[in-house]
Structure formats: C-alpha cells, structure tokens
Amino acid sequence: MYLAVDTAVFQKSAEIHKFLMFKNKQCLVVSMRVIYPPEDFVKKANVRDPAIYSRTAEDWKGFWEDFARELHWYEPWDVFLDESKAPYYRFFVNGKINVAYNCIDRHLEGKRTKAAVIWEGEDGAQRVLTYQDLYREVCRLSNALKELGVEKGDRVAIFMPNVPETIIAMLACARIGAVHVVVFEGFSARALAFRLKDSHANFIITCDGYYRRGEIHRLKDKVDEALKGYQGVKRVIVVKRLGIEISMLPDRDFWWDNVVKGQKARCEPEIMDANDPLFIMYTSGAIAEPKGVVHSTGGFLVHVYATTKMVLDLKDNDVFWCTAEPGWITGHSYVVYGPLSNGGTVLIYEGAPDYPHPCRVYEIIEKYGVSVFYTVPTLIRMLSACKDEEIEKYDLSSLRLLGSVGEPIEPDTWLWFYRKVGKERCPIVDTWWQTETGGHVISPLPALTPMKPGSVTKPLPGFLVDIVDDGGKPTKPFQIGNLVIKRPFPGIFLNLHADPRHYVKLYWSRYGKKVYYTGDAAYRDDDGYIWVIGRVDDVLNISGHRVSTVEVEHVIMELDEVKECAVIGIPDRVRGFAIGVFAIIRGENYEEVAKTIQEKVKESIGSFAKPSLIVFTPDLPRTEGRKVVKRALSEFMNGRDVEISTLTNPEILRKIKETIKRDSRGVYVVK
Ligand code: WT7
C-alpha cells in the first residue's frame, strides 16, 4: 500500500524521516519529512522551553507538584505518591481540595464576567454563561440537590445531551462531594439501567428530550423504561429542554426549574480528600459487561489542568471547542474540568456536526472565533466531505491549534486537516490516552515537538511509556508490541467500581503490578516516534466509541434463533471500524433474524453499535478444541493473510470468502 504524500506541505520542512505502513505484515518504507511547529505559534506558546523534558526526567515528582500548587488546596498533601498498595497508586495523599471551587470560585475575582460556557443549539440558538452565572447556577443546583437528599458519596447519574445544564450538574456534584456517573445520551434504556444498577445510583438528572438532526429524541422516556427494572433511584430531576409532554411520577420526578427556584446562590464547597472519587465513567473492555472506571479528585484535576495548559495551550483569550459529548471521558477531562480549572472559555454544540449542512462545523468556528479545536478523526474525515470552495467561504483565521483524539488518524487525513482547516498555521496535537488514564499521556507539545502525520509522537514530560514484546522486553524500532506505561501518573484511575478483581486482572497482571497494560499495539520508528495501531483485545473503536465485541455477542446470543455467533470489527472509511456479525442460526429465516439482531443490538446498547454486516454461516472457523477463531475472520476482513494451519475446518473460511468481500455491507448467507 502506498501513501499519497502531499509534497507541497513538506516544502517548508527540513528533514526526511522514514515511516511505515503495514500490509500483509510486511513493511513498506515511505520517505516523509517532519513538520515543524509554525513560528508564530511557538512565540506565544505556554510551554516553549525544551528543557521541560530534561528537567522533568530528573524530577518528575516536582514537575507534577508544581502544577498542583497552581490549584487551590484547603490543605496540602503530605506525600506526593503512595505506592505501598500497588497497583492502587494514590497521589497527593491527605491533600484536601474541591474541584468545583477550582473550576469556578478561583476565577471569580478576575474573570467574573468572562464567558465560561458558550452553547450553540442545533437550531442555531445561543446561550452564554459567564463565570458568575456558572457560580450562581452551580450553587443553586447544589443547594437543591442537598435539599432533595443527595449526600457526599452518593452516585448521581446524569443522562443529558450537550447543554449547559450538564456542566452545571457535573460541577454541582463535585461541589457537594457526590459522585457523578454521566451516561452518553445515545445509549439505550437497557444500557442506562445497567449503569444505574452497577453504580448504585440514587439520583438521576435528565431532560425531557432534545433535537438531533431536526428530530425530537424523547430522553425521559428512556429513563422511565430503565427505572422499571431498578428501584434504587429516589429522585429524578428533569430539565425542560423541549417542553414536550412527558410522564412525571409524583414524589420521584421533579422539574429542574422548580427545584432550583428560591435556592440560595451560595453554597459552601465540600472539603474533599484528594483520593475521594470524583466520578465513575463506564467504558467497554474485553469482557462482556461495561466497566465503571473510578477517577480521583486531586490527581485527576492536576492531570487535566496541567495537560490542558501544556498540550492544548489554553490561554485567557481562547475560545476552546472540544467536540466530545459530555458522556465520554474526553467531555469530562477536556470540555469541563481541564478548561474550566484553567479559567478558559469552552464552546459546546448540541447537535449533529453535519446538520443541517456539511459545513456546520466551519460555520460555528467562524461564528464564535474558535481558536483551539479538538476533535476526533471520524469527524475530520466527515469534514473533508465539504468541497474546497465551500470551506473557503468560511473565515477560519481565528484557529491557532488543532487536536485529534480517540483513534489513529491516517497521514492523509492528518495532512488534509493541517492544510485545509489549519491553513498550515496551526500545529496538530494528536493525543493518545484512555478513559482509564484520565488525561493525555502521549502527545506532541505543540511548540516543541516536530510532528509526523499519523504519529502520536512522544510521551509527555513526566510519563514513562514503553513498547514491549510478550516477554516484557522493549521492542526494536518498527517491531510491533504492547504499549505500556511504566510509572504511575496523577490521572490514573483509582479502581473499577465494585470490581477490583478485573482492575488487577485487566490492567496490572500482564507485566506485574508496576506496569500499566494499555491493551494497545504500537511501534516506534527510528526517531523514537510512537505509532499506535489499535487495540490488541476484543475492543472496537467505532467513531471513537469503545465497544466490546464480547458484549455485542452476549446481547445477540440472548435471541432464541441464534445458536452461536462471532462479532468482529470491519474497517470503515469514516468510522474507523464497523460491526460485523457471523452467526449460526436455527432455521432459515435469514432476513427476519437479521432484522431482529439489528433491533436487539440497538435496543440493548445503542444505535451507534448497530451491525453493518451480518453473515449467516453453517459454521465458524475453529481450532482442534472447537474454539472459534475470531482472528481468522477479522484478518480476512482486514485484508491480511489468514494463518489457517491452526484451523480444523479451513473450508468454511473458503466458503465465507466466496460469499463476501472485505468491504461487503448488508446481509449474506453462506451455503
Ligand atoms: C482507546 C481509548 C482518549 C479519549 C477518547 C477515547 C484509542 C485514543 C488515540 C490516538 C490512536 C487512540 C486507543 C485507546 N486512542 N487516542 N491519538 N491515536 N489511538 O477513550 O474510549 O477510553 O478509548 O482509544 O486504542 O486505547 P477510550
């Protein structure tokens, strides 16, 4: 496979570097130059002294403590890091802090009238909350929550679209010491119910409904459905977003406006321990059920505060737009806590990025003068659907920094973004991290790190990252291995909620209690640049959403008609991966069963996980021991050579290959 290298971009750069593309496990070396951060950017950057790397290598603890001291603490920490209970690492031991205070109150003196949150609705509606507005609304809701019986440590589920109330709700929880569990609004009632039960949530904050692509989505109905099977919720607070008719259960359901009415605009923040949980975020792992990732208060805040400043280079006059939904970790770390703890201005947009026209994103950048734009490769690929002359109609000159996260970005998509959106003026920070790490781990520092399109470049100062083989030995350049982190860092999660067994097993067993196993495959080039390939386990990255293939299989297996099934990721041009299902069923009612499978996955997980390919087959590739070899299917679908020597029934693979092609979509029957 060859890469289309756009030579015009490289004329400015000096050095030629090599990099690899993988196909059929063979390597192909392509020459490419690095791209240096534009001079204008470098002059003004928050971090522009390269000594940060060497200084931090000598004193990595001091590096983090310096950032921590920029925040407000009620009491300082005694010990920076307690490793005695590894792999339960605890940072800022005995430090006392409140996250909401650091995100709001701390800025009131100088920034009372500064915009904290700018909201754009899908219909073009607009709202701006200053820091004073945010302070007042958070305090009023905090008081309302207390009056409704929310106590420190209670879990409060937040099931909301991208509206200012979501941020207010998160910060109100943080203010009073409740643990928020934000659930992506696209999840089904069943997926919500699982998260409510697993986290023992006692309260829910939601809204009546919201618009998406001009259509009404009835969110409260999903809450009602989820609560049929779970009695643990005492109170539901409902934001009136659309004013549609919904059912309100007396004594359980309350309108937001009614509960905050008359509340005092002042609420003393709860003094929290640095290692009290701030929130739980559910994510998919290589196991059947979603895992509740528990994050700390102090360490998490220090990590996202520091990286927002260093990597996203956030400054006082920026308009920062991170396109992540509040229901994902990026929404927590880099829409709410990172930018607001820095006193920044964040923009949030409620609707679909390509609605009502494919250039909506450019329109919003122009309208608000967005200066830092942080998004996902899926959206960048979608943005490139807009014709050049259409893009040129918009004034994008306010942009100064671009960012990408969530999945590997192909070099040509990177280059397109660099040229057409950033106009070669804006560095791109391709940031690698995970729900579990809380914040950035590997990324360029925008003024210091020469960029290579498609590479996440190097670990940030303070991080010890390695790529190792199965025996734990560091790999040679261009040798693919497991990405690991060899030293704890403040944002690392505290535990899996109510599941310490999996916490240890999934993350801290492969190479012992001192090495964090990420589950990603990667390699280094001969400049030490890191290239992330993707997950090594059964986790798929669909438009930047993590989906466990095992979880999807379990859902499909609940159907009586299905005898056995294998779910794999199939490459998808825009979304990275899509879901492919190979199933053995009872009877021959193919079309109908295919529909049932689609519906079942949609209703159990959410529509983003709906299978794109369903193949009915008389058998699946198996080992001697009858174990299904999903890898054989996935290698075929990903265009790699399939190793068939371990299969007892290679003929089934031949039949599958005769029926479908790599890029097939829809329903097929293998005879
Ligand atoms: C997985 C984590 C990080 C917040 C959003 C997703 C993949 C993440 C990159 C990147 C290549 C990336 C990894 C990782 N990933 N960022 N810049 N380049 N891959 O969080 O849902 O926890 O997913 O996303 O595979 O393990 P998440």
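Everything quoted here is computed from the prediction, not taken from an experiment.

Reading the values: rules and limits
- Residues numbered from 1 in each chain as written.
- Predicted model: local features only at pLDDT ≥ 70, side-chain atom pairs only at ≥ 80, totals over all residues.
- Heavy atoms only, no water.
- Helix = DSSP H or I, 4+ residues; strand = E, 2+ residues; numbered from the N terminus.
- Contact = heavy atoms within 4.5 Å.
- Areas by Shrake-Rupley, 256 points an atom, 1.4 Å probe, with all protein chains shown as cover.
- Lys, Arg positive; Asp, Glu negative; His and termini not counted.
- Charge placed at Lys NZ, Arg CZ, Asp CG, Glu CD.
- Near = heavy atom within 4 Å.
- Polar contact = N/O pair within 3.5 Å; in protein donor to acceptor, adjacent residues only side chain to side chain.
- Nonpolar A, V, L, I, M, F, W, Y, C, P; charged D, E, K, R; others polar.
- Buried < 20%, exposed > 50% of the residue type's maximum accessible area, 1.4 Å probe, protein only.
- Arc of directions from axis to C-beta.
- Axes fitted to C-alpha atoms, helices over the stretch in contact; angles between N-to-C directions.
- Parallel < 35°, antiparallel > 145°, perpendicular 65-115°, else oblique.
- Disulfide = S-S within 2.5 Å.
- Phe/Tyr/Trp six-rings, centres within 6.5 Å; stacked < 30°, edge-to-face > 60°.
- Lys NZ or Arg CZ within 6 Å of the ring centre and 35° of its normal.
- Pairing = 2+ DSSP bridges.

### Some thoughts on the overall build of the protein
Within the protein one finds 21 helices and 33 strands. Dimensions of the protein, computed from the C-alpha atoms along their principal axes, are close to 70 × 65 × 60 Å. Put simply, of all contacts in the protein between residues at least 6 apart along the chain, 70% involve residues at least 24 apart. Carbon and sulfur atoms make up 49% of the accessible area of the protein, which totals about 26,100 Å². If the 90 positive side-chain charges of the protein are averaged to one point and the 90 negative ones to another, these points end up 2 Å apart.

### Examining the site of the ligand
With respect to spatial proximity, 18 residues lie near the ligand, and among them Asp 430, Thr 431, Thr 435, Asp 520 and Arg 546 are the closest. Measuring from a nitrogen atom of the ligand, one finds a backbone N or O atom of Glu 407 at 3.4 Å. Contact with the protein chains covers 96% of the free accessible surface of the ligand, which is 550 Å². The residue inventory of the shell around the ligand, partitioned by class, reads seven nonpolar, six polar and five charged.

### A look at helix H9 (residues 219-228)
Each α-helix winds once per 3.6 residues, and so residues spaced three or four apart point in a common direction. Burial in H9 covers these residues: Leu 219, Lys 220, Val 223, Asp 224, Ala 226 and Leu 227. On an axial view of H9, the arc spanned by its buried residues comes to 165°, and they lie on one face.

### Some remarks on the packing of helix H11 (residues 298-310) against helix H12 (residues 329-341)
Between H11 and H12, the least distance of the axes is 8 Å, while the angle of their chain directions is 80°. In terms of orientation, H11 lies roughly perpendicular with respect to H12. Counting all contacts with H11, which are made through Phe 300, Leu 301, Val 304, Tyr 305, Thr 307 and Thr 308, the residues of H12 involved are Ser 333, Tyr 334, Tyr 337, Gly 338, Pro 339 and Ser 341. Split by residue class, the contact of H11 with H12 holds seven nonpolar, five polar and no charged.

### A few points about the state of the cysteines
Going through the model one piece at a time under the given rule, you end up with one disulfide. The disulfide partner of Cys 359 is Cys 386, and the S-S distance across this bridge is 1.9 Å. With the S-S dihedral at roughly -80°, the linkage between Cys 359 and Cys 386 falls on the left-handed side. Taken together, the residues Cys 359 in the loop between strand S19 (345-349) and helix H13 (360-368) and Cys 386 in the loop between helix H14 (377-383) and helix H15 (388-391) connect sequence positions 27 residues apart. Note on accessibility: Cys 359 and Cys 386 belong to one class, buried. Of all cysteine sulfurs in the structure, the one in Cys 267 sits closest to Cys 139, which takes part in no disulfide; the separation is 5.6 Å. Summary of cysteine pairing: Cys 207 is not part of a disulfide, and the nearest cysteine sulfur, belonging to Cys 173, is at 16 Å. According to the relative accessible area criterion, Cys 207 is buried, its value standing at 1%.

### Side note on the packing of aromatic side chains
For any two aromatic rings, the description comes down to two numbers: the centre-to-centre distance and the angle of the planes. Taken as a whole and judged by the stated rule, the model has 42 aromatic pairs. Between the NZ or CZ atom of Arg 195 and the centre of the ring of Phe 187, over which it lies, the distance is 4.1 Å. For Lys 452, the ring lying beneath its charged end belongs to Tyr 529, and the centroid distance is 4.6 Å.

### Quick notes on the sheet that holds strand S23 (residues 465-468)
In space, the four strands of this open sheet follow the order S23-S24-S26-S27, with antiparallel pairing throughout. Each end of this open sheet is capped by a strand with a single partner; those strands are S23 and strand S27 (530-535). Averaged over all pairs of adjacent strands, the angle between their axes in this sheet comes to 45°, without regard to strand direction. Of the strand pairs in this sheet, strand S26 (residues 516-524) and S27 are connected by five bridges, and their pairing is antiparallel. The residue of S27 that forms the bridge with Ala 522 is Val 532.

### Remarks on the sheet that holds S19
The seven strands are arranged S7-S6-S19-S18-S20-S21-S22 in an open sheet whose pairing can be described as mixed. Each edge of the sheet is formed by a strand with only one pairing partner; in this case those strands are strand S7 (126-130) and strand S22 (428-431). The mean angle between the axes of side-by-side strands here comes to 20°, regardless of whether they run parallel or antiparallel. Two strands pair when backbone bridges link them, and strand S6 (residues 115-120) and S19 are joined in this way by four bridges, in the parallel orientation. Paired with Trp 119 across the bridge in S19 is Ile 348. The strands that helix H6 (residues 131-147) touches are S6 and S7; relative to S7, the one it contacts most, it runs at about 85°.

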